[in-house]
Amino acid sequence: MSTLQAVKYTRGKLEVLDQLRLPHEFHYDNVATRQEAFDSIASMRTRGAPAIAIVASLGLAVELHNGPVPDGSSDSIISYIDSALDYLKESRPTAVDLTNAINQLKARIRATGEAAAKDEIVQAFINEAENIFEKDLKTNMAIGDYGAEWLRAQVGASSDKQISVLTHCNTGSLATSGHGTALGIIRTLQSKGLLQHAFCTETRPYNQGSRLTAFELVFEGIPSTLITDSMAASLFRTRGAEKNIKAVIVGADRVVRNGDTANKIGTYQLAVLAKFHGIKFLVAAPTTSIDLVTETGDGIRIEERKPEELIQITGAVVKPDGTVDETTKVRVATADQRINVWNPAFDVTPAELIDAVVTEKGAVEKGADGKFDFSKIMPERW
Ligand code: MRU
């Protein structure tokens, strides 16, 4: 396989990589109904803000394509699809891409007009879902270019002075339709000869960094090193060789109107540490991850997940020679199973700690008033 694909789609068929089995096992699930799409997202076999929106949209598109869809007036078909979308919206609450995709799909089926026939409405839905999927890859390539350019201009990245960066969680091909957002910028830096080294955090509790990002970096042959989340401060203090971090690059589940950003738990502490050490902090987010309705981070609903994700871990057996037996799958307790657990999946990084939000329409920096203003890149939604 030459590229990693979280989602494989042809009209009427959707296959989704089970990310809970990575990096030990490569298995695609067939997703043919809204329930299967919901389960794939809620269980985190699919994860990452853009991928969540894509799998929800295409999962329902496949169900509608293969039918049956009940007969009825245009209004009744639209409310049938609306209720399926409202159900999917509850699969995971923090990433706004899903809500934005749902709004886009609802608007598209309404644009077919009051007298539209069932097939016309279903076709409009499928076309729009496919459009969301296809557009995401172009978006990520543009984010990669704008991000690399910003780092060239602001940090002085050049082929003579390559830079090292740190990323958190997984924002790569596995979290999107391809290339990725924050990891997309790292890929683009590498392809332009601007990258010295990429560090990735383990990203406890669910290890999207060690299970997924480390896997993607190794897969792509990008010079990279894994650290635990608690090693970031020491890394930022260490100078010399490749351990000379110039920027932290992360993704987003929701950037709200003032720039406050919800992303994987642990992002906020990295932003605080970056500020202390004079390291640039970059959020890479498609405009589909921007929520112009919510004013500040206080309005973001943070998903809390079950305790097992913190006190148990899944892995494969390491053989005495140090290689991994990929056919084995073991679930291991990492704590007393009776301990109380608090397990928020995301945190909110205040806008004041963010140097730029890189979107497919360019990098947005704070103005002279110290505030982000997304009106120039999103006039239609402002
Ligand atoms: O819980 P996850 O794995 O869905 O969290 C993913 C993240 O926090 C990503 O950084 C974010 O969704 C952006 S993915 C391009």
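Residues numbered from 1 in each chain as written. Predicted model: local features only at pLDDT ≥ 70, side-chain atom pairs only at ≥ 80, totals over all residues. Heavy atoms only, no water.

A. How the structure looks around the environment of Gly-144. Mapped onto the fold, Gly-144 is located in helix H5 (residues 118-155). Filtering out sequence-adjacent residues up to four positions away, Gly-144 remains in contact with His-179, Gly-184, Ile-185 and Thr-188. (Helix = DSSP H or I, 4+ residues; strand = E, 2+ residues; numbered from the N terminus. Contact = heavy atoms within 4.5 Å.)

B. Molecular detail of the packing of helix H1 (residues 34-42) against helix H2 (residues 49-66). One can describe the packing of H1 onto H2 by two numbers: an axis separation of 8 Å at closest approach and a directional angle of 165°. Comparing the axis directions of H1 and H2 gives the class roughly antiparallel. Relative to H2, H1 is oriented so that their crossing is right-handed. Residues Arg-34, Gln-35, Ala-37 and Ile-41 of H1 pack against Ile-52, Val-55, Ala-56, Gly-59, Leu-60 and Glu-63 of H2. A per-class count over the contact of H1 with H2 returns six nonpolar, two polar and two charged. (Axes fitted to C-alpha atoms, helices over the stretch in contact; angles between N-to-C directions. Parallel < 35°, antiparallel > 145°, perpendicular 65-115°, else oblique. Left-handed = near helix turned anticlockwise from the far one by under 90°. Nonpolar A, V, L, I, M, F, W, Y, C, P; charged D, E, K, R; others polar.)

C. Just the packing of aromatic side chains, in detail. If you walk through the whole model with that rule in mind, you get six aromatic pairs. On the numbers, 6.3 Å between centres and 80° between planes, the contact of Tyr-9 with Phe-133 is edge-to-face. In this pair, Tyr-9 sits in strand S1 (residues 7-10) while Phe-133 sits in helix H5, placing the two residues 124 residues apart along the sequence. Residue class for Phe-133 comes out buried when judged on its relative accessible area of 15%. Ring centres 6.3 Å apart and planes at 65° place the aromatic pair Phe-26 and Tyr-28 in the edge-to-face group. Residue classification places Phe-26 among the partly exposed positions, given a relative accessible area of 36%. Aromatic ring contacts, followed pair by pair, group Phe-26, Tyr-28, Phe-215 and Phe-219 into a single cluster. A cation over an aromatic ring shows up here: Arg-34 above the ring of Tyr-80, its NZ or CZ 5.2 Å from the ring centre. (Phe/Tyr/Trp six-rings, centres within 6.5 Å; stacked < 30°, edge-to-face > 60°. Buried < 20%, exposed > 50% of the residue type's maximum accessible area, 1.4 Å probe, protein only. Lys NZ or Arg CZ within 6 Å of the ring centre and 35° of its normal.)

D. Geometry of the sheet that holds S1. Taken in spatial order, the three strands of this open sheet run S1-S2-S3, and their pairing is antiparallel. Strands at the two margins of the open sheet, each flanked by one partner only, are S1 and strand S3 (28-30). Each adjacent strand pair in this sheet contributes to an overall mean axis angle of 20°, direction not counted. Both strand S2 (residues 13-17) and S3 contribute to a ladder of three bridges, which runs antiparallel. Within the sheet, the bridge partner assigned to Glu-15 lies in S3 and is Asn-30. (Pairing = 2+ DSSP bridges.)

E. Highlighting the sheet that holds strand S11 (residues 290-291). Taken together, four strands build an open sheet; the order of strands is S11-S8-S9-S14 and the sheet is mixed. Strands with a single pairing partner mark the edges of an open sheet, and in this sheet they are S11 and strand S14 (346-349). Where strand S9 (residues 261-264) lies against S14, four bridges are found, and the strand directions are antiparallel. Within S14, the residue paired with Lys-264 across the bridge is Phe-346. Relative to the sheet, helix H9 (residues 267-277) contacts S9 and S14, its axis offset from that of S14 by approximately 30°.

F. Spatial organisation of the site of the ligand. Surveying the vicinity of the ligand reveals 18 residues, the closest of which are Arg-47, Arg-92, Asp-253, Asn-263 and Lys-264. Here an oxygen atom of the ligand sits 2.8 Å away from a polar atom, N or O, in the side chain of Arg-47. Asp-253 places a polar side-chain atom, nitrogen or oxygen, 2.8 Å from an oxygen atom of the ligand. Broken down by secondary-structure element, the contributors of at least two residues to the shell around the ligand are H2 and S9. Of the residues belonging to the shell around the ligand, the class tally is seven nonpolar, seven polar and four charged. (Near = heavy atom within 4 Å. Polar contact = N/O pair within 3.5 Å; in protein donor to acceptor, adjacent residues only side chain to side chain.)

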